[in-house]
Structure formats: C-alpha cells, structure tokens
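So you can see what is in the structure, the chains are spelled out below.
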Amino acid sequence: MSVHIGANPGEIAPRVLMPGDPLRAKWIAETFLQDAKCYSTVRGMLGFTGTYRGVEVSVQGSGMGMPSATIYAHELINEYGVTTLIRVGTCGAIVDDLQLRDVIAVNGASTDSSMNRQRFDGLIDYAPVADFGLLRTAVTTAEERDIPVRVGPILAADLFYTDRMDLYDRLADYGVLAVEMESAALFTTAARYRAKALTLLTVSDHIKRGEKTTSQEREQTFSAMIEIALDTAITA
Ligand SMILES: O=P(O)(O)O[C@H]1O[C@H](CO)[C@@H](O)[C@H]1O
Ligand SMILES: O=c1cc[nH]c(=O)[nH]1
C-alpha cells in the first residue's frame, strides 16, 4: 500500500486510465472492463483493475487539480511500477469551433500553476507535453473508430472559477483550445520518472458560450474518449 492508494503490490496494471472523478473510474471499470476488482477506496478515490480485450488495465481516480493528480501519478509510477498513464478528463472549451462532447487529444499543457516554477527555481518555463507514441496511437485509433478528435494544446489551470476571462481570450488567440486542471502536472511527473502520459478530454462546458453538461453526463456518458483511451492503453 502507498500513502494514498490501498492496493497490494501487483494489483495495479502497468497501464492506467486516470479520470479526475472517482465515480467516472467506477463507471469505466463496470462498463468497459471484464472482471474488474476495486483495489482502493482510500479517501474515496476509487481504483479498479480488470481486463480489456484480454489485457490488464487499471482505472484510478485522481481528484481535481494538480496537487491531487501529482500524488496519484507519483505513487502509481514509483510505488506500483505503472508505465503508461492516460488521463480521461473533462474540459471547458475556449475556442469557437469546439462543441459540447467533442474529444481533444492534448499535445501540450500550458499552466498557471507554480509547481514547475518551484521545480526550476522560476528560471525556466518548462513545456509539459504528451508522449508522442501515445498521442499518435490515440489519433490512429480514433480514425479507425471514425471518432473525430481534435489534437491541440490546453491550459491546465488552478482555478475552476476564474475572474480572468481576458486571459482565456488571449490563450485562444495563441491556439489553446480548452481549460482543465491536471495535465501539466501529469505530463511533468511522467517525464520526471520516465513514464508515458497522454490526456484525452471531452468538452463538458463551453466557457465562452456558457454551455454545460450535467454532472451525471460527466460521470457516465463520455464513452468515445474512453474507447480511444482503452485501445491506446493496450497498444502501449
Ligand atoms: O472531469 P475531470 O477529469 O475531473 O477534469 C476536469 O473536471 C474537474 C473540474 O470540474 C477538474 O478536475 C478538471 O480538470
Ligand atoms: O477544468 C474544467 C473542466 C471542465 N470545465 C471547465 O470549465 N473547466
């Protein structure tokens, strides 16, 4: 057992899907995995291992925000030998040509978090990026499944409720598609410990247009993203 994950050694697969929402983890395990078993209920941050097309896959909730996601990524890699982490999250779009439920494959994550400023003494603006092999597999998989996927960069933000919408407009001018709250930390942690990481997101909100999905939809309905993530995970 690690501090925040109640699994015994060997109970977590080398490939892990990471939704922020632990109940999305439960839904993924129950809907997509065979013989899924819950290995951790610590802090209600549920984790499951089962098989997908005969390959062992785990699903671990990671919570909201970069401090929480970093704890789970760190322990999965360093205490359970996880080599592939695929975040399956939700996001708020900030560009006009994204619609609710569109899927994004994230290639890089800008951030307003100070975590990497601490790592590099404020001297370097480190660029957290996705693993290219995972990204390529996800795009190919999506094409094979006929699921449209937008590849591009996002902002990993500390604030869900911002009062600096002007900065979102500026980021959109620079090609940033959407905002979520974990990927910069996930990509950085994976790079630091030589693991591979990717983020797939489903647009749950349009921040500029004020459009939203329900919490039930965020928990239980973003199947296209999960199918791409699972196919990518078992190919990794
Ligand atoms: O749906 P998840 O994966 O939690 O991701 C997004 O949703 C949460 C905010 O509602 C943040 O964690 C954000 O990154
Ligand atoms: O971080 C997030 C996630 C979903 N929607 C948002 O607006 N922000």
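This text goes with the structure placed above it.
So, how was this worked out
- Residues numbered from 1 in each chain as written.
- Chains lettered and ligands numbered in written order.
- Predicted model: local features only at pLDDT ≥ 70, side-chain atom pairs only at ≥ 80, totals over all residues.
- Heavy atoms only, no water.
- Axes fitted to C-alpha atoms, helices over the stretch in contact; angles between N-to-C directions.
- Helix = DSSP H or I, 4+ residues; strand = E, 2+ residues; numbered from the N terminus.
- Parallel < 35°, antiparallel > 145°, perpendicular 65-115°, else oblique.
- Left-handed = near helix turned anticlockwise from the far one by under 90°.
- Contact = heavy atoms within 4.5 Å.
- Nonpolar A, V, L, I, M, F, W, Y, C, P; charged D, E, K, R; others polar.
- Phe/Tyr/Trp six-rings, centres within 6.5 Å; stacked < 30°, edge-to-face > 60°.
- Buried < 20%, exposed > 50% of the residue type's maximum accessible area, 1.4 Å probe, protein only.
- Near = heavy atom within 4 Å.
- Polar contact = N/O pair within 3.5 Å; in protein donor to acceptor, adjacent residues only side chain to side chain.
- Salt bridge = Lys/Arg side-chain N within 4 Å of Asp/Glu carboxyl O.
- Core = buried A, V, L, I, M, F, W, Y, C linked by side-chain atoms within 4.5 Å.

1. Re the packing of helix H4 (residues 132-144) against helix H8 (residues 223-235)
What describes two packed helices is the angle between their axes and the distance between those same axes.
Inference 1: Look at H4 against H8: their axes get within 9 Å of each other, and the N-to-C directions meet at 130°. Accordingly, the angle class assigned to the pair H4 and H8 is oblique. Where H4 crosses over H8, the two elements pack in a sense that is right-handed. Of the residues in H8, those in contact with Leu134, Thr137, Ala138, Thr141 and Ala142 of H4 are Ile228, Asp231, Thr232 and Thr235.
Inference 2: Its residues assigned to classes, the contact of H4 with H8 comprises 4 nonpolar, 4 polar and 1 charged.

2. Some remarks on the packing of aromatic side chains
Inference 1: All chains considered together, the criterion is met by 3 aromatic pairs.
Inference 2: Measuring from ring centre to ring centre gives 5.4 Å for Trp27 and Phe32, while their planes differ by 90°; the resulting arrangement is edge-to-face.
Inference 3: Under the relative-accessibility criterion, Trp27 is labelled buried at 11%.
Inference 4: Ring geometry for Phe160 versus Tyr161: centroids 4.6 Å apart, planes at 80°, classification edge-to-face.

3. Describing the site of ligand 2
Inference 1: Taken together, the residues surrounding ligand 2 are Thr90, Cys91, Gly92, Phe160, Val179, Glu180, Met181, Ser204, Asp205 and Ile207.
Inference 2: Here a nitrogen atom of ligand 2 and a backbone polar atom of Gly92 are 3.3 Å apart.
Inference 3: Here Asp205 contributes a side-chain N or O atom positioned 2.7 Å from a nitrogen atom of ligand 2.
Inference 4: Listed by contribution, the elements that provide at least two residues to the shell around ligand 2 are strand S5 (84-93), strand S8 (178-180) and strand S9 (196-206).
Inference 5: Take the shell around ligand 2: its biggest share by element is 3 residues, from S5.
Inference 6: Its residues assigned to classes, the shell around ligand 2 comprises 5 nonpolar, 3 polar and 2 charged.

4. Re the pattern of salt bridges
Inference 1: In total, this model carries 12 salt bridges according to the counting rule given.
Inference 2: The closest approach of N and O atoms between Asp169 and Lys208, which form a salt bridge, is 2.6 Å. Within this pair, whereas Asp169 is found in helix H5 (residues 165-173), its partner Lys208 is found in the loop between S9 and strand S10 (211-212), the two being separated by 39 residues in sequence.
Inference 3: According to the relative accessible area criterion, Lys208 is partly exposed, its value standing at 36%.
Inference 4: Arg218 is the partner of Asp205 in a salt bridge, and the nearest nitrogen-oxygen pair spans 2.9 Å. Of this pair, Asp205 sits in strand S9 while Arg218 sits in helix H7 (residues 215-220), and the two are 13 residues apart along the sequence.

5. Concerning the nonpolar core
Inference 1: With 67 residues, the main nonpolar core has Ile12, Leu17, Leu85, Ile104, Leu200 and Ile226 as its most contacted residues.
Inference 2: Counting residues per element, this core draws most heavily on H8, which supplies 7 residues.
Inference 3: Once residues within four sequence positions are removed from consideration, Ile104 is found in contact with Cys91, Leu98, Val149, Arg150, Gly152, Ile154, Leu177, Ala178, Thr199, Leu200, Leu201 and Val203.
Inference 4: Ile94, Leu155, Val176 and Val179 belong to the second largest nonpolar core, which has 7 residues in total.

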